[in-house]
Amino acid sequence: MITFEPSFFTERNRDIDDVTLRAIAREVRKDILKMTSEVQSGHPGGAMSATDIIVTLYYYKMRHNPENPKWEKRDRFVLSKGHVCPALYSVLARTGYFPLEKLHEFRKIDGSLQGHPDMKKTPGIEISTGSLGHGIGAAVGMAMGLKLDKSDSKVYCMIGDGEAQEGSVWEASMAASHYNLDNLVVILDNNNLQIDGPVDEVMSIYPAMEKWKAFGWHVIEINGHDFKEIREALDEADRVRYKPTMIVAKTVKGKGVSFMENRAEWHGKALPPELLKEALKELGELV
Amino acid sequence: MEKVSLRDAYGETLVELGKEDDRIVVFDADLSGSTKTAKFAKAFPERFFNMGIAETDMMNVAAGMATTGKIPFVSTFAIFGTGRAWEAVRQTICYPNLSVKIVCTHGGITVGEDGASHQALEDVANMRNIPNMRVIVPADDVETRQVIRKIAYTEGPFYVRLTREKFPRIFDENYKFEIGKGHVLREGEDVTVISNGVMTSFALYAADILEREGISIEVIHMPTVKPIDTELIVKSASKTGAVVTAEEHSIIGGLGSAVAEVLVENYPVPMERLGTPDVFGRSGKGWELLHYFKLDEKGIVEKVKKVLERKER
Ligand SMILES: Cc1ncc(C[n+]2csc(CCOP(=O)(O)OP(=O)(O)O)c2C)c(N)n1
Ligand SMILES: [Mg+2]
């Protein structure tokens, strides 16, 4: 297991290479599949499309302190598409917010890891989410509050592309630009799938980049599974002044397991035991 | 008792209605597989509208379409249909008294593992408090089919609360649902238990248990929470002199509140409410959570004993 001292995370832009990030992401994907399979419930697909970005945020970019989750100087991460919390729970456990064994509590009646993120039950969760379209507004409020305090902490937020259909996402986007929130970076997990099918067939959000540009955002498009591109986009956002940044990350739902990739059916369905074995094998686990 | 799916009954009835009447249109917000409107979407793609994850807009659009003479059924999870979109329902559907039928699945604690964010424990309260809105909580598939048919051809807005979990079937084909009417499923002398949804099957079970202890329970199934059957509640309360309500919902604002309002103004008797206390839900398996919150026969027996004590005091 790849571990770091808590002090490793308290400065931004850490010295960590793509090979290491990729290895961590592979462990996280295995966690996601095991957690959801154990309770035969939860959302593996969108968690796997988000994994590389969340790993890069927590291992490379964000300033945070697993020993002191409420550390005043921390950067914040809001998982607005809260259903993919297995990815976040795994990263929080692996960076040291709570023991890895806790992952077995996911979705269980006496557990601390709820089906959707609960900031009152889980250390490291900045705001409770689950109903789509709300987290991004809370991220705007955090960014505004940090500005009031003259803090240089940043707020990162991830939204889903289906989630972007909610009007509240656009209300928050308008406010972020109106208040010149250059301390806010939102990542759109653009896997082009939601529950009922492809986003452009269910209810198109395109052209997405032009929409956020028109809302006054700095917009960057990347491959959401290329660590170099993720890193560079996050670094570019640091240099933007007076505007929030939207990173449109092209991703693949179910990324990492061939038979799950780009398949809407794995949105909210856990792998049965036989398929779990196969998937873990693909991810390099000796089973 | 055989466990049956209320949402499948809904989807199948929609298809039947769609065949009979081309004014029937259906809206969903990216949950058609779960709400079972996908069955209608497959049969009548031109009359099915997926609005994306945009529940508020879906309500407004359905209202607009109702003004053109269509009969819209609108579905999503209960918390999003009655919570997220609440003010659109109030402003654009209920205020103009339009014929929009909001049928939501995933009501109650039996949503299960998704946890508090997805468990609608306040949906009945949310809808009951809007003028013109009528609220129905069926117990099984037989009743669901009748409810859906009935509301399709009754003017004005409705909210029907269905569930993710399968529930025991308690009715046969002789059952006849009527809007605004409660049903005495079992006559008794000592305490009246008024319930709906899954709690009615637990009420019948509790009545059996209590009978063995010499306590006689009158079980009333009350699918329509609004307009509530005042006459039946008063009649039964005046016979038994004590009432317990049981619902898979917060004790604030649902069936228990509706019955309490009737009793307090017409025929005050000792009363106890069984529901979730004023707290959020949590992750767990659906049936496990029912027992966790004592939403079962044991919970009803406990409340009956408590109300009996107060009655005899
Ligand atoms: C307001 C709201 N409506 C509906 C849902 C149910 N739901 C959960 S995930 C999901 C699809 C999300 O699609 P997307 O945002 O693209 O997520 P991803 O593909 O990244 O998993 C839906 C409709 C919800 N959680 N919140
Ligand atoms: Mg998506």
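These figures come from a predicted structure and were not determined experimentally. (Residues numbered from 1 in each chain as written. Chains lettered and ligands numbered in written order. Predicted model: local features only at pLDDT ≥ 70, side-chain atom pairs only at ≥ 80, totals over all residues. Heavy atoms only, no water.)

A. Main features of the packing of aromatic side chains. Scanning the model with the defined rule gives 17 aromatic pairs over all chains in all. Pairing A:Trp170 with A:Trp212 gives two aromatic rings, centres 4.3 Å apart and planes at 25°, and the pair type is stacked. Within this pair, whereas A:Trp170 is found in helix α5 (residues 167–178), its partner A:Trp212 is found in helix α7 (residues 208–214), the two being separated by 42 residues in sequence. Of the two residues, A:Trp170 and A:Trp212, both sit in the buried class. Judged by centre distance (5.9 Å) and plane angle (65°), the rings of B:Phe202 and B:Trp287 are edge-to-face. Residue B:Phe202 is located in helix α9 (residues 199–212), and its partner B:Trp287 is located in helix α12 (residues 286–292); the two are separated by 85 residues in the primary sequence. When its relative accessible area of 18% is taken as the criterion, B:Trp287 is described as buried. Put simply, the rings of A:Phe4, A:Phe8, A:Phe9 and A:Tyr59 touch in pairs and so form one group of aromatic residues. (Phe/Tyr/Trp six-rings, centres within 6.5 Å; stacked < 30°, edge-to-face > 60°. Helix = DSSP H or I, 4+ residues; strand = E, 2+ residues; numbered from the N terminus. Buried < 20%, exposed > 50% of the residue type's maximum accessible area, 1.4 Å probe, protein only.)

B. The environment of B:Leu289, seen in detail. Residue and element names in this part refer to chain B. Following the sequence through the fold, Leu289 ends up in helix α12. Residue classification places Leu289 among the buried positions, given a relative accessible area of 0%. With 102 residues separating them along the chain, Leu289 and Glu187 place their C-alpha atoms 30 Å apart.

C. Representation of the confidence of the model for chain B. This prediction gives chain B a mean pLDDT of 98; 100% of its residues lie at or above 70. The ipTM for the predicted assembly is 0.97, set against a pTM of 0.97. (pLDDT = per-residue confidence, 0-100.)

D. Structural view of the sheet that holds strand β14 (residues 271–276) of chain B. All names here are of chain B. Within the open sheet, the 5 strands sit side by side as β9-β11-β10-β13-β14. Their pairing is mixed. Strands at the two margins of the open sheet, each flanked by one partner only, are β9 (183–186) and β14. Within the sheet, the average angular offset between the axes of one strand and its neighbour, ignoring direction, is 25°. Contacting β10 (191–195), β11 (217–221), β13 (243–250) and β14, helix α13 (residues 297–312) crosses the sheet at an angle of about 155° to β14. (Pairing = 2+ DSSP bridges. Axes fitted to C-alpha atoms, helices over the stretch in contact; angles between N-to-C directions. Contact = heavy atoms within 4.5 Å.)

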